[in-house]
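Survey of secondary and tertiary structure
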Amino acid sequence: MRRSLTVALAAALVASTLTTMSAAAGLSPADFVDPLIGSAGDGNTYPGATAPFGMLAWSPTSTHGDQTSTGAANGYQYDTTRVRGFALTHVNGAGCNPGAAGDVPILPFAGDVTSSPTADTTDAVYASNFSHADEAATPGRYRLGLQNGVTTDVAATERTAIGTLSYPQDKPASLLFRTSNSLNGSEDAETHIDAANRRVTGSVLTGAFCGRRANGGVNNRKSYYRLYFTARFDQPVTGTGTWKDATLQPGGTDQTGGEGYATGKDRAGRGSGGYVTFAPGSKVTMRIAISYVSLEGAERNLQAEQPKKSTVDSVAARTKQAWNTELDRVNVSGGTATQRITFTTALYHSLQQPNLVSDVDGQYLGMDRQPHRVERGQDAQYSNFSGWDQYRAQVQLLALVEPRVAGNFAQSLYNYAKQNDGVWDRWVHVNGATHVMTGDPSAATIATFYAMGVRNFDYSGAFDSLYRQATVSRPEGLQDGGCPGQCVGQRPNLAQYLTSHYAPNDVCHCWGGAAETLEDAVADSAIGHFAELLGRTREAAELRARGAYWRNVFNPDTGYAQARNVDGSWVTPFDPASDRGFAQGSAAAYTWMVPQDVSGLADAMGGKATAVSRLDGFFHDASGNWQLKGGGPLKYDPTNEPDIHAPWLYDELGQPWKTQETVRQLVSSVYGTGPSGLPGNDDLGTMSAWYVFAALGIYPRTPGSGELLLSSPLFPGAVIRPAAGAPIRITASGSGKYVQDVRRDGRPQRDWKVDASFLRGGSLDFRLSETPTTWGS
């Protein structure tokens with residue numbers, strides 16, 4: 001069913017130059033997407049069918065022989081070729097295992113159901129092996145042939161899916177709804193079967209994002225949403241049954257029961273679901289829709305998004321066109337087939353989120369767990385905000401290419417904050433405040449949106465709310481619930497922070513005092529700039545001054561960022577390779593996390609020459625060889641966020657040619673095609689967005705700003721066509737990876753950055769060199 005996408009494209013492009021290959025080979029942007037990129041290793045992507053920013057994503061739930069653990073953050077790991085169902089919701093690239101969602105796995109089973117599927121705790125019976133040769137993943141469509149003889153072919157719309165399930169002639173045909181079996185478990189579930197009307201409905205009450213992780217996870221084993229589903233079939237239902245825990249009820253039509261949020265033996269064998277059967281050899285078309293509000297909402301979604309005459313082919317074609325519209329917002333020309341696949345897939349992964357959570361009638365489930373309607377002027381409610389990750393690259397790409405979606409997303413986060421007593425949570429899953437990670441990424445995100453020209457949200461109200469969060473202490477800021485990984489305080493121990501001008505490690509009630517200080521300094525600098533753009537001069541001065549608090553955790557004696565105690569002493573013993581006082585990163589990595597004041601950081605290190613020398617050592621070993629993958633805690637880590645901006649620091653340090661060299665090396669050696677083509681967790685499009693910017697030769701300078709840093713483009717041509725606004729054109733002539741010169745709108749561009757006015761349209765024409773140059777220095 002499937003060949004390697006790279007091989008297939010290469011064959012299609014024989015005798016065709018890459019600048020004209022789309023027309024010559026009849027290819028569209030979606031044809032350059034391989035959803036399997038990042039599905040092996042720690043990329044944590046999923047290959048299933050989904051629409052741009054879609055609510056529903058039909059994708060496999062795999063098994064290692066433990067029904068309480070798939071062995072993968074999103075339920076799918078390329079190296080695991082046994083599935084226990086196809087779930088309806090997924091989150092792209094979450095960093096913990098399991099991450100979130102994976103709701104209502106549905107298994108086409110070729111056989112009689114003779115025992116409770118929940119009692120099959122090792123997935124020995126109610127699961128099936130498969131071969132990747134029988135797998136085909138394209139944007140909006142996913143096909144898989146199972147070893148049990150069933151083939152599935154499913155296409156997705158934003159809130160629905162339609163699939164053809166083809167059963168073998170010589171075996172019973174069953175379809176299992178594992179309603180309670182979300183990735184992290186569930187508090188409750190219900191399944192209802194209406195055989196006469198060929199319909200299965202139900203819901204699952206779940207949540208528990210990252211509920212299995214050790215650092216704070218127990219605090220997060222809680223429910224916050226109920227997902228409703230409705231499924232209809234075009235073939236007669238010949239039999240029904242339900243199960244709860246170990247008890248099977250042949251002929252049953254209604255069942256309830258959750259699993260809890262434990263793992264292993266403490267959860268195995270618990271849960272409920274139901275099944276329907278069809279005649280052997282049936283070819284069943286299933287239409288399914290979801291809603292976070294109600295069963296009626298799911299029914300309305302199905303009716304609105306799937307006309308009665310829809311087929312898998314027609315829905316797949318519509319969704320492919322929707323993806324082509326999004327992917328054409330950044331269209332590149334030239335390059336190799338491999339480069340085009342890597343780039344377009346990165347763009348695809350970047351634009352999978354945020355995810356719709358409102359129904360077609362505008363209703364959505366609020367953070368107060370009550371139904372709400374979108375605000376006046378708001379198109380839809382969006383969620384799944386991996387703030388600590390996304391604020392560094394993904395939100396900038398979203399604002400650049402889809403500013404209206406960005407504005408809807410900004411309003412969505414503000415809506416949630418209003419429903420959450422004014423608190424902006426740093427990691428929002430559906431309507432759940434999960435508290436995951438550290439810092440105040442909402443401030444950085446909303447400020448960035450505004451700086452990049454996004455205006456379709458209540459930005460004045462959002463600023464006031466964010467300013468209040470940054471200046472008014474809350475009681476949960478003195479709690480340690482969820483710490484270290486999911487501390488409930490969004491500005492932990494704020495009163496002490498405002499007194500000390502850093503987060504004291506011994507009383508911060510946070511993941512790590514040094515990391516919290518660096519993160520909050522970035523956030524405060526960003527909303528300080530936001531205040532300045534709004535004309536709020538007093539708040540701007542206050543917050544921009546707080547953006548310099550990073551200096552208070554920079555130890556001049558060690559030359560690194562370092563945690564401090566409340567009495568002012570440095571936390572010792574100190575080791576730059578240690579994560580003591582930091583969050584998912586070492587002191588060596590975090591020290592560079594001062595994008596708002598690179599020159600100030602260089603001065604603190606002893607000057608730009610010293611900073612450049614240290615940065616060289618961050619990317620190379622003692623012999624000068626590149627050290628970009630697996631170099632240890634003292635080296636650059638392309639798989640995690642605190643230092644992903646570091647290659648661009650050479651621009652401001654006076655040696656732009658080293659940014660050009662380092663970025664190109666990363667683009668060429670760390671990213672690629674195939675299941676292992678991502679360096680690490682995609683983190684809701686963050687790592688993919690980094691690649692998109694890097695390949696274009698531009699990168700966001702700092703959160704809260706619309707400025708872009710410059711490097712050297714990978715492709716000879718690129719056109720950015722925002723959903724609103726004028727196009728941006730980028731060309732590169734000559735060979736090599738170094739910049740000889742640049743012209744902006746036909747005039748010489750001598751600086752290593754362009755201001756926010758460039759986002760309103762224009763051109764950058766690069767002339768490249770094989771050897772380093774002094775351009776921009």
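Look up: the structure comes first, before these words.
As a starting point, this report considers the structure included with it. Please read all numbers here as calculations on a predicted model, not as lab measurements.

With that settled, the discussion passes to the packing of helix α10 (residues 459-471) against helix α12 (residues 513-533). Helix packing for two helices is described by the angle between their axes and how far apart those axes are. For the pair α10 and α12, interaxial distance at closest approach is 11 Å and the crossing angle is 140 degrees. Taken together, the axes of α10 and α12 are oblique relative to one another. The hand of the α10/α12 crossing is left-handed. Facing Tyr459, Phe463, Leu466 and Ala470 of α10, the residues of α12 in contact are Asp524, Ile527, Phe530 and Ala531. Class assignment of the residues belonging to the contact of α10 with α12 gives a composition of seven nonpolar, no polar and one charged.

What follows deals with helix α8 (residues 403-419). Taking 1.5 Å per residue, 17 residues should reach 24 Å; α8 reaches 24 Å between its end C-alpha atoms and fits that length. Here α8 lies mainly inside the structure; 15 of its 17 residues are buried. Just past α8, the residue Asp421 takes up positive phi, approximately 60 degrees.

Here we come to the nonpolar core. In this structure, Leu175, Phe177, Phe233, Ile446, Phe449, Trp690 and Leu696 are the most contacted members of the largest nonpolar core, which totals 199 residues. Not counting chain neighbours up to four residues away, the residues in contact with Phe233 comprise Leu175, Phe177, Arg198, Arg199, Val200, Val276, Phe278, Val284, Thr285 and Met286.

Taken together, three strands build an open sheet; the order of strands is β23-β24-β25 and the sheet is antiparallel. Edge positions in the sheet fall to β23 (385-386) and β25 (432-433), since each of these pairs with one other strand and no more.

So, on to the environment of Phe618. Relative to the assigned elements, Phe618 resides in helix α16 (residues 608-619). We classify Phe618 as buried; its relative accessible area is 3%. Separated by 204 residues in sequence, Phe618 and Tyr414 place their C-alpha atoms 38 Å apart. Ignoring anything within four residues of it in the chain, the contact list for Phe618 reads Ala588, Ala589, Trp592, Gln627, Leu634, Lys635, Tyr636, Asp643 and Ala646.

Omega for the bond connecting Asn97 with Pro98 falls within 30 degrees of zero, at -5 degrees, which places this linkage in the cis form. With respect to the helices and strands, Pro98 occurs in the loop between β3 (82-87) and β4 (106-109). Residue Pro573 is reached from Thr572 by a cis peptide bond, and omega for that bond is -5 degrees. Within the secondary structure layout, Pro573 lies in the loop between β27 (560-561) and α14 (587-590).

What follows is about the packing of helix α15 (residues 598-605) against α16. Running from amino to carboxyl end, α15 crosses α16 at an angle of 95 degrees, the nearest separation of the two axes being 7 Å. Judged by the angle between their axes, α15 and α16 are roughly perpendicular. Residue-level inspection shows Ser599, Ala602 and Met605 of α15 in contact with α16, the latter providing Lys608, Thr610, Ala611 and Arg614.

It is worth spelling out the state of the cysteines at this point. Tallied over the full model, the rule gives three disulfides. The partner cysteine of Cys96 in its disulfide is Cys210, sulfur to sulfur 1.7 Å. Here Cys96 and Cys210 share a disulfide; its torsion about the S-S bond, -85 degrees, makes the bridge left-handed. Of this pair, Cys96 sits in the loop between β3 and β4 while Cys210 sits in the loop between β11 (199-207) and β12 (223-233); the two residues are 114 residues apart in sequence, bridging distant segments of the chain. You'll find Cys96 and Cys210 in the same group, each marked buried. Cys508 shares a disulfide with Cys510; S-S distance 2.1 Å. Note on the Cys508 and Cys510 pair: the S-S dihedral is about -90 degrees, so by sign convention the disulfide is left-handed. Each member of the pair, Cys508 as well as Cys510, carries the same accessibility label: buried. Across the protein, the way the bonded cysteines pair up, counted in sequence order, is 1-2, 3-4, 5-6.

Counting across every chain of the model gives 34 aromatic pairs. With 5.9 Å between their ring centres and 45 degrees between their planes, Tyr560 and Phe574 make a pair best called tilted. Highlighted residues: Tyr560 in strand β27 and Phe574 in the loop between β27 and α14, separated in sequence by 14 residues. By relative accessible area, Phe574 is classed as partly exposed at 26%.

The rules we used
- Residues numbered from 1 in each chain as written.
- Predicted model: local features only at pLDDT ≥ 70, side-chain atom pairs only at ≥ 80, totals over all residues.
- Heavy atoms only, no water.
- Axes fitted to C-alpha atoms, helices over the stretch in contact; angles between N-to-C directions.
- Helix = DSSP H or I, 4+ residues; strand = E, 2+ residues; numbered from the N terminus.
- Parallel < 35°, antiparallel > 145°, perpendicular 65-115°, else oblique.
- Left-handed = near helix turned anticlockwise from the far one by under 90°.
- Contact = heavy atoms within 4.5 Å.
- Nonpolar A, V, L, I, M, F, W, Y, C, P; charged D, E, K, R; others polar.
- Expected span 1.5 Å × (residues − 1).
- Buried < 20%, exposed > 50% of the residue type's maximum accessible area, 1.4 Å probe, protein only.
- Core = buried A, V, L, I, M, F, W, Y, C linked by side-chain atoms within 4.5 Å.
- Pairing = 2+ DSSP bridges.
- Disulfide = S-S within 2.5 Å.
- Phe/Tyr/Trp six-rings, centres within 6.5 Å; stacked < 30°, edge-to-face > 60°.

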